[in-house]
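Architecture and fold: a report
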Amino acid sequence: MQKILIYTEKITPRVQYIFDFILREFSGLDFELTSNVQFFEASDLPKINYSKDQFSDEIHLKSDEFMQETGIFGSVKFEALHPVGKLFFALSRYEEYLPQERDLHGRISGKGKVYKTPFVDNWILEFQKELKSKHPRMEFKKREFELVLTCDVDQVWKYRNKGFKRTYGAFLKDLAKLNFKELAKRRKIISGKENDPFDTFEFFQSFLDSSIPRNDKKDNNISMIFFWLMADYGKFDKNNPVGNLNFVQKIREVSQWAESGIHPSYASNSQPEKLKKEIERLEKILGQKIKKSRQHYIMLRFPETYRNLIQNGIWEDYSMAYADETGFRAGTCTPFFWYDLSKEIKTELKVHPFCAMDVTLRNYMNLSVEESIDEVQRLKSEIEKVNGEMVVLFHNSNFREQWEGWGKVMESLVE
């Protein structure tokens, strides 16, 4: 691995973290930090000067004072930062530690905040060109475009396998509202005469089979992950009863052809001890450790959410996006390790940002199927330019009834 010497006026966890990402993780290069000017100038290694002033003809990246600080201050503004500072600001989610307006679920809006392009990746690739120009023999890590299709399973079935109490209660509600059409439909589906509209797993499997030849999976760089809600029943957690044998069997069936992760419940945000129980339920069903997660309702609050995941053995999270806007919440489409700003440490939790969700496209942005296809194609084009990881979120419940035709959005990703 090729090595670069970096001068910085002060070696801090923030400086270490951002160059870890730029050089080691993204570019495949080694580096050493020094605050000794004489040592830096005497070295024969390729050099980067990360400080306020340039010394001679070395590559110079201007530094920002907040990269030498500890603590979080409202006076730090993204627009006023130099490029490396901007990258740290975006990856660390610095702004999200500050007081902000939140919706009824405690979420921050992405309107006016989300980055529409992966500017972090674009900047690093341009910086690689500068390094290459200065040091022609320098080689960088090869990057390849990857498509990760993910599904949040909030409910496996809309009508079936809800348990006697919930099913009987639903029948009574239909009668009370004189909704005989819904009553008849519910009876047909529960009796097996019609398919349940949420049971779309065969569509996912057939899509995966048609997109990825079984003997050539890895070469196609397409994968699929299902995140299962294993919560106790609640106002915002309405999954099927976790002890239902059909529910258990469905999870096991899907795990034969796709990866599985936990979908931490809405309730676990206010009662973090629930997450441990939910993970254990899924692990018991699958007989394996669960390492991946995505938050239900995209509930992401720093630093509490990620600390809770780490404490419960989750090492990869797919919640990094806004619910109401497509794009790049952290400015990148490359997985990165979460930096805990409150503790000023780099953690071992790897964050996989996603760029679009079906609910975002239809319900928040009010896009049609055709407009949504255009938007995911725009995002795909941006990610392909930097050979990044394109993670897209769908729900098994969003392909039939009022969602009829939305399967075309997912299909468009491999055309």
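Residues numbered from 1 in each chain as written. Predicted model: local features only at pLDDT ≥ 70, side-chain atom pairs only at ≥ 80, totals over all residues. Heavy atoms only, no water.

The subject of this paragraph is the nonpolar core. One finds Phe-19, Leu-23, Phe-226 and Trp-228 to be the most contacted residues of the largest nonpolar core, which totals 111 residues. Here this core gets eight residues from one element, more than from any other, and that element is helix α1 (residues 13-26). Once you skip the residues sitting within four places of it in the chain, Leu-23 turns out to touch Ile-4, Ile-6, Gly-28, Leu-29, Phe-31, Ile-48 and Leu-131. (Core = buried A, V, L, I, M, F, W, Y, C linked by side-chain atoms within 4.5 Å. Buried < 20%, exposed > 50% of the residue type's maximum accessible area, 1.4 Å probe, protein only. Helix = DSSP H or I, 4+ residues; strand = E, 2+ residues; numbered from the N terminus. Contact = heavy atoms within 4.5 Å.)

What follows concerns the side chain of Ser-63. For Ser-63, the location among the structural elements is in the loop between β4 (59-62) and α3 (83-92). Here Ser-63 is in contact with Glu-9, Tyr-50, Ser-51, Lys-52 and His-82, once residues within four sequence places are set aside.

Attention now moves to the packing of aromatic side chains. Summed over all chains, the structure comprises 36 aromatic pairs. Taking the centre distance of 5.2 Å and the plane angle of 70° together, the rings of Phe-204 and Phe-226 count as edge-to-face. Note that Phe-204 is positioned in helix α7 (residues 201-211) and Phe-226 in strand β6 (residues 222-228), a separation of 22 residues in sequence. In terms of burial, Phe-204 and Phe-226 fall into one category: buried. Taken together, Tyr-17, Phe-66, Phe-78, Phe-88, Phe-89, Tyr-94, Tyr-115, Phe-119 and Tyr-339 form an aromatic cluster joined through their ring pairs. Just above the ring of Phe-78 sits the side chain of Lys-86; from NZ or CZ to the centre is 5.3 Å. Cation over ring: Arg-143 sits above Phe-26, and NZ or CZ is 3.9 Å from the ring centre. (Phe/Tyr/Trp six-rings, centres within 6.5 Å; stacked < 30°, edge-to-face > 60°. Lys NZ or Arg CZ within 6 Å of the ring centre and 35° of its normal.)

As for its position among the elements, Arg-93 is in the loop between α3 and α4 (119-134). A relative accessible area of 1% places Arg-93 in the buried class. Counting along the chain gives 291 residues from Arg-93 to Glu-384, while the straight-line C-alpha distance between them is 24 Å. When near neighbours in sequence (up to four residues on either side) are disregarded, Arg-93 contacts Tyr-115, Phe-302, Met-320, Tyr-322, Arg-329 and Ala-330. Polar contacts involving the side chain of Arg-93 include one to the side chain of Tyr-322, which spans 3.3 Å. Polar contacts involving the side chain of Arg-93 include one to the main-chain carbonyl oxygen of Arg-329, which spans 3.1 Å. (Polar contact = N/O pair within 3.5 Å; in protein donor to acceptor, adjacent residues only side chain to side chain.)

Before going further, it helps to spend a moment on the packing of α3 against α4. At a minimum axis distance of 10 Å, the contact between α3 and α4 shows a crossing angle of 145°. Taken as a pair, α3 and α4 cross one another with a handedness that is left-handed. Counting all contacts with α3, which are made through Pro-83, Val-84, Lys-86, Leu-87 and Ala-90, the residues of α4 involved are Phe-119, Val-120, Trp-123 and Ile-124. Residue composition of the contact of α3 with α4, grouped by class: eight nonpolar, no polar and one charged. (Axes fitted to C-alpha atoms, helices over the stretch in contact; angles between N-to-C directions. Left-handed = near helix turned anticlockwise from the far one by under 90°. Nonpolar A, V, L, I, M, F, W, Y, C, P; charged D, E, K, R; others polar.)

For the peptide bond that leads from Phe-302 to Pro-303, omega is 0°, which places it in the cis range. Relative to the elements of secondary structure, Pro-303 occurs in the loop between β8 (292-293) and α11 (304-311). A positive phi is found at Tyr-297, a non-glycine position, where the angle reads about 65°. Inspection of the secondary structure assignment puts Tyr-297 in the loop between β8 and α11.

Scanning the entire structure with this criterion turns up 30 salt bridges. For the salt bridge of Glu-344 with Arg-14, the shortest nitrogen-to-oxygen distance reads 2.6 Å. Of the two residues, Glu-344 is situated in the loop between β10 (336-340) and β11 (345-351) and Arg-14 in helix α1; the sequence distance between them amounts to 330 residues. Here Glu-344 falls in the buried class, since its relative accessible area comes to 10%. On the basis of relative accessibility, which here comes to 1%, the residue Arg-14 falls in the buried class. In this structure, a network of salt bridges that share partners links the residues Asp-20, Arg-24, Glu-25, Asp-30 and Lys-346. (Salt bridge = Lys/Arg side-chain N within 4 Å of Asp/Glu carboxyl O.)

Moving on, we come to the sheet that holds strand β1 (residues 3-8). Spatially, four strands are ordered β2-β1-β3-β4 in an open sheet, and the strand pairing comes out parallel. The open sheet has two edge strands, β2 (30-34) and β4, and neither has a second partner. Each neighbouring strand pair of the sheet contributes to a mean axis angle of 25°, computed without reference to strand direction. Sheet topology places β1 next to β2; five bridges connect them, and they run parallel. (Pairing = 2+ DSSP bridges.)

For helix α10 (residues 273-286), the full list of buried residues reads Lys-274, Leu-275, Glu-278, Ile-279, Leu-282, Glu-283, Ile-285 and Leu-286. Positive backbone phi, approximately 65°, marks Gly-287, located one or two places after α10.

Under the defined criterion, the tally for this structure stands at zero disulfides. You can see Cys-333 has no disulfide; the closest cysteine sulfur is in Cys-355, sitting 8.3 Å from it. (Disulfide = S-S within 2.5 Å.)

A few words on the confidence of the model for the protein chain. Per-residue confidence for the protein chain gives a mean pLDDT of 92, with 92% of residues at or over 70. Confidence over residues 214-219 falls short of pLDDT 50; this stretch has four contacts with residues more than four positions distant or in other chains. (pLDDT = per-residue confidence, 0-100.)

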